[in-house]
There are 2 protein chains.
Amino acid sequence: MASSSLPLSQAILSRSIPRHGSSSSTNSQFSPSSLSLPTFSGLKSTTSTTFRRRTLPSPVAVRSPEIRASAAVETLEKTDNALVEKSVNTIRFLAIDAVEKANSGHPGLPMGCAPIGHILYDEIMRYNPKNPYWFNRDRFVLSAGHGCMLQYALLHLAGYDAVREEDLKSFRQWGSKTPGHPENFETPGVEVTTGPLGQGIANAVGLALSEKHLAARFNKPGAEIVDHYTYCILGDGCQMEGISQEAASLAGHWGLGKLIAFYDDNHISIDGDTEIAFTEDVGARFEALGWHVIWVKNGNTGYDEIRAAIKEAKAVTDKPTMIKVTTTIGFGSPNKANSYSVHGSALGAKEVEATRQNLGWPYEPFHVPEDVKSHWSRHVPEGAALEAGWNTKFAEYEKKYPEEAADLKSIITGELPAGWEKALPTYTPESPADATRNLSQQNLNALAKVLPGFLGGSADLASSNMTLMKMFGDFQKNTPEERNLRFGVREHGMGAICNGIALHSPGLIPYCATFFVFTDYMRAAIRISALSESRVIYVMTHDSIGLGEDGPTHQPIEHLASFRAMPNVLMLRPADGNETAGAYKVAILKSKTPSILALSRQKLPQLAGTSIEGTAKGGYVTSDNSSGNNPDVILIGTGSELEIAVKAADELRKEGKAVRVVSLVSWELFDEQSAEYKESVLPAAVTARVSIEAGSTFGWEKIVGSKGKAIGIDRFGASAPAGKIYKEYGITAEAVIAAAKQVS
Amino acid sequence: MASSSLPLSQAILSRSIPRHGSSSSTNSQFSPSSLSLPTFSGLKSTTSTTFRRRTLPSPVAVRSPEIRASAAVETLEKTDNALVEKSVNTIRFLAIDAVEKANSGHPGLPMGCAPIGHILYDEIMRYNPKNPYWFNRDRFVLSAGHGCMLQYALLHLAGYDAVREEDLKSFRQWGSKTPGHPENFETPGVEVTTGPLGQGIANAVGLALSEKHLAARFNKPGAEIVDHYTYCILGDGCQMEGISQEAASLAGHWGLGKLIAFYDDNHISIDGDTEIAFTEDVGARFEALGWHVIWVKNGNTGYDEIRAAIKEAKAVTDKPTMIKVTTTIGFGSPNKANSYSVHGSALGAKEVEATRQNLGWPYEPFHVPEDVKSHWSRHVPEGAALEAGWNTKFAEYEKKYPEEAADLKSIITGELPAGWEKALPTYTPESPADATRNLSQQNLNALAKVLPGFLGGSADLASSNMTLMKMFGDFQKNTPEERNLRFGVREHGMGAICNGIALHSPGLIPYCATFFVFTDYMRAAIRISALSESRVIYVMTHDSIGLGEDGPTHQPIEHLASFRAMPNVLMLRPADGNETAGAYKVAILKSKTPSILALSRQKLPQLAGTSIEGTAKGGYVTSDNSSGNNPDVILIGTGSELEIAVKAADELRKEGKAVRVVSLVSWELFDEQSAEYKESVLPAAVTARVSIEAGSTFGWEKIVGSKGKAIGIDRFGASAPAGKIYKEYGITAEAVIAAAKQVS
C-alpha cells in the first residue's frame, strides 16, 4: 500500500502550495512543510493513529464515525449553553480583535453569525483539523466572504494549523494565511474562494452536486464511502445577486438534499436597511425553487432553534434546505449593532471596549478562555478518528470493489490513470474537415472513457456546443450517477458550480459550455476559477464572426484579448483536430489552471503541420519554406484563421517568397517557453510579420511588433452569412497577402 | 417655435444613424433620409398633420388620444376573431418565410407568440409608425430576441418604414435592417438590443422606471404628459438567467405598475423540454418578488384570455404584472411544433408546406392578405393623430409650466442645457489631495444640478463609490420623482436597467456604480451599452491593488485591458480632480458611447499640468523639461500611477535627464486624435518609454514599443495594506527610474 498511498499525500500537499506570483514576491509564506498531516498510511489507518475514545471534560458527546447519525441529536440535548455562549463570544471577540488590529475588515457578520458558526463547527460538522483535505469531510462555504474572520476564528478553535494565534494577529497583512476574504489557495480549511457575492452559494451547489454524484456512483449497500453535507452561510448581498438565484434554482431542481444553507437575514447591507432595495419574500422564492425553508427567528441566542433547524434540514433528504436565520449584524456592540457602520469597518477602541462591557468579556485581545479551548480541543483527536474510521472503511471497500475503488481513488488524489492521453484522437490532413466544436465533442467523449472524474455540460446549448457525452445519461435528481450536466440558461451559476466541483476533489474535472461571447455572463466565475486554481474546462463555441447570422450580440470580438489579459487562465484557440486534442491535453494537465477553448461553429480543414505537441508549446511553426531561421515574412494565425494564413502562404510561396506560418494557439503557453524556443519560432531579426485573427487586434503589437501588421476586427460584428462578413471585414487571404507584401 | 423644434427632429434623426464601422463597410444601408418623419413642427401639431377621424373598414374602434383609457376595453369587445386569426397567421408566415429564405433564424417563438404580438401591436399599444421616436409611445421589448421575426412582422404590418417587404426578404443578410436579433441602432421601431437572454426584461424595467420617474416629475393635474406602458415578452431562457431575477426583484420593489411582461411558457428550450433543467414555480417566484401574476392557459388561440389578462394587468397599478402565457413553440407546424427543432432552424420546404396546409394558408411567401393589410392600415393615421394630440397637449403644458417643459424637452431631445459644462469643478495643484472617487462625487453633484436627465446610483456601495446626489432623495415606489437609484447588490441588472433608461429618451443620462472588479458581473450589460449606443456612465471605484486589504477577489488587474479591447466603450482612468472633471465632460458629450470611469479608493494629489482639455484628447503631456520634441525618456502613467510617473520624472530631472510625463487617461480618445497630435505627444523617434499602471501590461506594447518597458501587474493581487502591495509588486517611482535608465 505504501506506493499507492504516496499520490494521495502528494495530491493533498500539492494543493496547499500557493501559486500566485513568483516565490520572491508570493503573497503567502505558507509552505507545504508547515502542514502537518495525521500519520496515516495513505487511505488506511495505522496503529500510530489509534484513537482512544475518552470522556471529554465538556458535556458534548464524542462523535465517532459509527454513531454519526445520532451524534447531532445527542449533542442537541447535552450541550451546556453557558459554555456555548462563551465559545460564541470567543468567536465574536476574535473577529473584533483581528479587525481592530488590522484596522480593516468586517466585524458585523462574525458577531451576528457566531452562534451558527459555533454550532456548525463544534457540534455538527465532521472534519479533521490536521488534514483539511480529508476526502469525506463536511464542506463549509462562507458565501458572505467578507465575514471571513468568522471562519478564521472557527478554524483556529478547531485546531487547524493554518490559523494559529499569530495568523489571527496578521489578519489582512502581507503574506498572511488570513487574507481579507476566504482564499482556498492560501488557507487550508477554506474550501473555495469567496468575497464576490453569490459565488459561494453556487460553489456550495457544486460541492453538494459532487457529493450526490460520487455517492450515487460509488456507494454500495453497507459501504457508504461518500457521505458528507455541504453547509453554506449567505447574506442579503448573496441573495440579491442573480448568480445565487441561478444556482439555487438548479439545487432545487437537482434535489440536493445534503445542501444546507443558512441565510443570515440581518436586514442590513452596505447602503443601509435592506428595505431600500430588497423587499422580496426570500423564503417564498426559495419554496418556489423547490427548497425546504425554515425560519429561525432568534439567530442571536436561539441555539436550540438553530440546532432544531439543522435536524429538520437533515431529515428532508430530497430537497436542499434554506434556514433563514434572523440575526443582528454586529450583535453585542451597544452603539453599532444593527447598522451598516458595523458591516465593513473596525469598531474603534471605544466601541470595542463598550462591546466587552456589554457582553461581559474581561479578556485581553485574541484570548481564548481555557474552558473554551479545552472544549474545542477534542476536535483534533476526533477528527483523526473520523478519518481513520473512514480509511478503514475504504480499505474494506477497496477489497470488495477494486475497480470502483481505483476510480474513486483517482478522483480523490487527482492522479490521472496511466496512459489516459492515448485516448485523444489524432488527425491527418486527409481527415475530413470539421468544426472544432465537433472535434471537441470527439475529445470530450474520448476523455469521458478514461477519466473517472470527468463530467460536465452546457448552459442549454448542448446541441450547439456539442458537449454531450454519448455513453452517459443526464445527472438529474433521480439519476445522479450520470455525468451529463444540464445547467439551463444559467452561465454564471454554471461556472461557479463547476468551481465547486473542481475544488471538491482533485480528480474531479468539470467542463462547461456556452457560446464564447457569453463568457461575459460568467466572467466573475471564470476569474475565480483562475484565482482559486480550479481546473474548469470552458468549452466555448461559436468563437467569432464565423457564427454568421446571429449577429453582433452573439459574435465575440474582444473576448480573446480579455482572457489573455487575465492571470492564470489558459486561453486556447485550436485550428483543427490535432490542436483541439492538444488543447484538451493541456487543459487536463494544467491541474491548477482553468482553460478556455475557443471553438468554431464553422467547418475547418485539417491542416498539415499541426500537432498535439506543438499545441502544448502555445506557438509553433506549422510550415516554412525558408532556409535557416530567416523567412521573408512570418504569418501568424490562430483558430479558424490559421487556414487563411496557410492559404496566403501558399500564394506568396508561389511568388517566390520564403514564408513561415506560425500557429499561436495559446499566448500563455508560448510565454512559458524558453527564450531560445521563442526565438526559434519568432526570430527577433524577422520583423516582417502579419497576424490574422477574427477578433480584436488589441495586444497583437506584442507579437507582430511595430513593423508588422495585425489583421483583426476592432468593431462589432454583423448579422449576415459568415463568409460575407469575413469578406466585408477583410479577414481574407488577400488581405494577408497584401499586408505581407507591405511589411516585407 | 421653429428654432426650438429643430433639435428635436435632429435628435430623432441622429439616433437613427447607424454607427458601427466605417461608412464604407457599415453593416447597415439605412440612412437618415430614408426615415420619413410625420410633418409636425417640433413639439406642436400643425394643420398639415390634421387628423380626420374616420370610420375604418375593420371593426376595431379607432383609438384617439382622448379615449385612451377606454380604448383597450372597447377593442376587446369588438374584435372580429376571424380577421385576428388571419392576422396572427400572417405574422406566423412572415416569420416562417423570412427564416426559410435566410435558411437561418428562429421560427418557433414567432409562431407561438403571434397572438400576443398581434394583440399588442394591433389592439393595445400606442405608437406612431412614421415616427418611431415619438416620446410618449408605448415601449415594447422582445427579451427573447431570437424571435425577432415576430417583431419585424409586427413593425411591417404596423407600417414602420424600416421594415418593408424587401427588408423581410433580406432577413439576416448583410446590410439589412432585419438582423438576426433586434438591434435598436439598425431598426427604428426596435427600442433596445436583445438576444443575450435576460437583458431585455431588465431593459424593460429601465424603460418602465424612466416612465414612472418622468411621470412623477413632470405630470401635473390634468396634464399627464408622460404616460405610457412598457411591454415585454420573455421566454424560459430569460427566466433562467440571473439577470432577470435581479431586474424583476427591483421592478417588484419599485412597484412598476405600468410594466407588463408576457412570459412565453412553451416548455421548450434548446436542449429540449424545460423539465431537464427548469422546474421551479416561476409564478410563485414572481409573486414572492411582489409582482401580480396571471396565467393564460391557452396562448395559442385564447385571444380573449390574453386581452382579459392585459386588462387585469392595467388595473393593477401598484405592481408590475407577469402574464404567464402557455403557448406551443412552432404552433401550426404539424411535425415540429412543441419541439426544440423548431426553435432555431428553418422549418424546411416540406414542413413549411405542411404548415401551410395545416393552418389553411394558401398564399405565396411574404404575402400579406388584403384584408389584413387594410385592417392594419389605420395605424399610420392613428399614430400620427396620437402624436399630434400629444403635441397639442405638450404645447399647452409648455405654456403653463415653462420651466418643467424646458427640462422635459431637454430630456426628450437630448439637447444639453447651454453652459452645462461650466458646472464642472476645476482644481489646482494646491487643492487638497483626494481620492478620485470623492472627486467623482463632486462632479456627480455638480452635473445633477444642471442636467435634468441625470440620475443613477450604486449596487449597494453608494457610500464606497461615493455616488449619492445630495440634493435628491431615493427613487422608491412612493417617491419616484427622486433621482438616487438604489440597485441593491445586483450589478448585472443595474447595467441593463441603465441601458433601458438611456434608450428611453436621448436626454436621460444614467450612471451606475460598483467596484471596478465587479464589472465582471455586469460585462454582458456593458457590452450591450456599447453595441446599442447607450450613454451609460459606469462609475467604477476601487480600481486597483490600491484598495488594499480586501485582497485579490476585489482587486482589478485585467479590467482596463479588457475594456480597452471592447469596441465603442470609453475607458477613462483619471489621475486627479481635473482629469475626473474632464472624464465626466467627455462621458456626457459622447452621446452614443458608454464610458467607464476607473476611480481610486486612495487619496491622490492634484497634479500640475492636468486639465479637462487634455483629458478630452485621451493622452497629453503634463510636464516636460526637454527642448524641441525630443526628451530623453517619456514616462507614461494613468490614474493613480500618474503621480508615480511624476515623482520619477522629478528624480530623473534632478539627475539632468530631459523627461516628459504623459497622462494616457483614455486610449480610445487618444486613438481618435490626428497623427500630428499623437506624434507631438509620443514622437516616434523617442523609443525610450516607460509606462506605469497598476494593472495588466497586456496591450501596453502598442504604447511603449518593443524598446520600451511597461511596468504593471500580470498576476493577481494580494490582501495587505495598499502601500505594502505597491511596494512588493514594484509599482514604485524607483522601478520607473530604474526602467527609464535601462531604456534610455
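Note that this is a predicted model, so its numbers are computed, not measured.

Let's talk about the overall build of chain A
No. 1: Secondary structure assignment for chain A yields 28 helices and 20 strands.
No. 2: The buried share of chain A, reckoned over its 744 residues, is 69%.
No. 3: For chain A, the share of sequence-separated contacts (at least 6 apart) that also reach a separation of at least 24 residues comes to 77%.
No. 4: Accessible area for chain A stands at about 22,000 Å²; split by element, carbon and sulfur atoms hold 51% of it.

Considerations on the domain arrangement of chain A
All names here are of chain A.
No. 1: Domain annotation of chain A identifies domain 1 (85-383), domain 2 (420-598) and domain 3 (620-743).
No. 2: Contact with domain 1, which involves 34 residues of that partner, is made by 31 residues of domain 2.
No. 3: Counting the surface lost from both domain 1 and domain 2, the interface buries some 2,800 Å², and carbon and sulfur atoms represent 65% of this.
No. 4: Remark: the boundary between domain 1 and domain 2 carries 14 residue pairs in polar contact (both at pLDDT 80 or more).
No. 5: Elements that contribute at least two residues to the side of domain 1 that touches domain 2 include exactly helix H7 (199-218) and helix H9 (242-254).
No. 6: Taken together, the residues of the side of domain 1 that touches domain 2 sort by class into 15 nonpolar, 11 polar and eight charged.

As for the relation of the copies chain A and chain B
No. 1: Note on the copies: chain A fits chain B at an RMSD of 0.0 Å, the axial shift is 0.0 Å, and the rotation between them is 180 degrees. Expressed as a symmetry operation, the mapping of one chain copy onto the other fits a two-fold axis.
No. 2: Same-surface contact between copies: 99% of interface residues of chain A are shared with the interface of chain B.

Considerations on the pattern of salt bridges
No. 1: Under the defined criterion, the tally for this structure stands at 66 salt bridges over all chains.
No. 2: Note that Lys-220 of chain A and Glu-404 of chain A form a salt bridge whose closest N and O atoms lie 3.1 Å from each other. With a gap of 184 residues between them, Lys-220 of chain A in the loop between H7 and strand E2 (230-235) and Glu-404 of chain A in helix H15 (residues 402-413) connect regions that are remote in the sequence.
No. 3: The salt bridge partner of Arg-486 of chain B is Asp-271 of chain A, with a shortest N-O separation of 3.4 Å. Highlighted residues: Arg-486 of chain B in strand E10 (residues 484-486) and Asp-271 of chain A in the loop between strand E4 (268-269) and strand E5 (272-273), drawn from two different chains.
No. 4: Relative accessible area serves as the criterion here: at 14%, Asp-271 of chain A is assigned to the buried category.
No. 5: Overlapping salt bridges, with partners in common, bring together Asp-122, Arg-378 and Glu-382 of chain A in one network.

Overview of the UniProt feature "binding site: thiamine diphosphate" (unreviewed entry) in chain A
Residues and elements named next belong to chain A.
No. 1: Following the UniProt record, one finds the feature "binding site: thiamine diphosphate" (unreviewed entry) at His-146, Gly-195, Pro-196, Leu-197, Gly-237, Asn-266, His-343 and Phe-518. The greatest C-alpha distance among the residues just named is 34.1 Å, and with 373 residues of sequence between them they are spread in space as well.
No. 2: Taking relative accessible area as the criterion, Gly-237 reaches 12% and is therefore assigned buried.
No. 3: Mapped onto the elements, His-343 comes out in the loop between strand E7 (321-326) and helix H12 (349-359).

Concerning the UniProt feature "site: Important for catalytic activity" (unreviewed entry) in chain A
No. 1: This chain's UniProt record puts "site: Important for catalytic activity" (unreviewed entry) on His-106 and His-343 of chain A. Look at the named residues: they lie 238 residues apart in sequence, but the longest C-alpha span between them is just 5.4 Å, so in the fold they bunch up.
No. 2: Inspection of the secondary structure assignment puts His-106 of chain A in the loop between helix H3 (81-102) and helix H4 (108-124).
No. 3: Residue classification places His-106 of chain A among the buried positions, given a relative accessible area of 10%.
No. 4: When residues no more than four places from it in sequence are discounted, the contact partners of His-106 of chain A are Val-99, His-146, Gly-147, Arg-172, His-343 and Gly-344 of chain A together with Asp-550 of chain B.
No. 5: Once you skip the residues sitting within four places of it in the chain, His-343 of chain A turns out to touch Gly-105, His-106, Pro-107, Gly-108, His-146, Ile-270 and Ile-329 of chain A.

Focus: the interface of chain A and chain B
No. 1: At the interface, 102 residues of chain A touch 101 residues of chain B.
No. 2: Taken together, the two surfaces of chain A and chain B that pack against each other cover about 8,400 Å², and 58% of this comes from carbon and sulfur.
No. 3: Across the contact surface, chain A and chain B share eight salt bridges.
No. 4: One salt bridge connects Glu-558 of chain A with Arg-527 of chain B, and the closest N-O pair in it is separated by 2.8 Å.
No. 5: Inspection of the region where chain A meets chain B yields 49 residue pairs in polar contact (both at pLDDT 80 or more).
No. 6: Of the residues forming the side of chain A that touches chain B, the biggest block, seven residues, is contributed by helix H19 (residues 519-531) of chain A.
No. 7: Broken down by class, the residue content of the side of chain A that touches chain B amounts to 39 nonpolar, 35 polar and 28 charged.

Brief notes about the pairing of E7 of chain A
All names here are of chain A.
No. 1: With six of six residues buried, E7 lies mostly within the body of the structure.
No. 2: On E7, burial covers both faces: Thr-321, Ile-323 and Val-325 on one face and Met-322, Lys-324 and Thr-326 on the other are all buried.
No. 3: Direction of pairing for strand E3 (residues 259-265) relative to E7: parallel, over a ladder of six bridges. Bridge pairing links Ile-260 to Thr-321 in E7.
No. 4: With five bridges joining them, strand E6 (residues 292-296) and E7 adopt parallel strand pairing. From the neighbouring strand, Val-293 faces E7, where its bridge partner is Met-322.

Observations regarding the packing of aromatic side chains
Aromatic ring pairs are described here by two measures, namely the spacing of the ring centres and the angle between the planes.
No. 1: The final tally for this structure, using the stated rule, is 45 aromatic pairs over all chains.
No. 2: Ring pairs connect the aromatic residues Trp-667, Phe-698 and Trp-700 of chain A together with Trp-667, Phe-698 and Trp-700 of chain B, which therefore count as one cluster.
No. 3: Stacked on the ring of Tyr-229 of chain A, the Lys or Arg Lys-314 of chain A has its end atom at 4.6 Å from the ring centre.

Points about the sheet that holds strand E14 (residues 595-598) of chain A
Sheet strands pair by backbone hydrogen bonding; their relative direction is either parallel or antiparallel.
Residue and element names in this part refer to chain A.
No. 1: One open sheet holds the six strands; their spatial order is E10-E9-E11-E12-E14-E13, and the pairing between them is parallel. Both outer strands of the open sheet, strand E10 (484-486) and strand E13 (570-572), are each paired with one neighbouring strand and no more. The sheet shows a mean angle of 20 degrees between the axes of neighbouring strands, taken without regard to direction.
No. 2: Where helix H16 (residues 436-450) meets the sheet, its contacts fall on strand E9 (454-458), strand E11 (509-515) and strand E12 (537-541), and the angle it forms with E9 comes to roughly 150 degrees.

Observations regarding the sheet that holds E2 of chain A
Residue and element names in this part refer to chain A.
No. 1: Reading across from one edge, E1-E2-E3-E7-E6 is the order of the five strands in this open sheet, with parallel pairing throughout. Each of the sheet's edge strands pairs with one partner strand only, and the pair in question is strand E1 (139-142) and E6. In this sheet, neighbouring strand axes are inclined to one another by 15 degrees on average, regardless of whether the strands run parallel or antiparallel.
No. 2: The pairing of E1 with E2 spans four bridges and is classified as parallel. Bridging from a neighbouring strand, Val-141 pairs with Cys-232 of E2.

What counts and how
- Residues numbered from 1 in each chain as written.
- Chains lettered and ligands numbered in written order.
- Predicted model: local features only at pLDDT ≥ 70, side-chain atom pairs only at ≥ 80, totals over all residues.
- Heavy atoms only, no water.
- Helix = DSSP H or I, 4+ residues; strand = E, 2+ residues; numbered from the N terminus.
- Buried < 20%, exposed > 50% of the residue type's maximum accessible area, 1.4 Å probe, protein only.
- Contact = heavy atoms within 4.5 Å.
- Areas by Shrake-Rupley, 256 points an atom, 1.4 Å probe, with all protein chains shown as cover.
- Domains from an automatic or database assignment.
- Buried area = accessible area lost by both parts, 1.4 Å probe.
- Polar contact = N/O pair within 3.5 Å; in protein donor to acceptor, adjacent residues only side chain to side chain.
- Nonpolar A, V, L, I, M, F, W, Y, C, P; charged D, E, K, R; others polar.
- Least-squares fit on C-alpha atoms with pLDDT ≥ 70 in both.
- Salt bridge = Lys/Arg side-chain N within 4 Å of Asp/Glu carboxyl O.
- UniProt positions renumbered as here; feature names shortened; annotations may be inferred.
- Pairing = 2+ DSSP bridges.
- Phe/Tyr/Trp six-rings, centres within 6.5 Å; stacked < 30°, edge-to-face > 60°.
- Lys NZ or Arg CZ within 6 Å of the ring centre and 35° of its normal.
- Axes fitted to C-alpha atoms, helices over the stretch in contact; angles between N-to-C directions.

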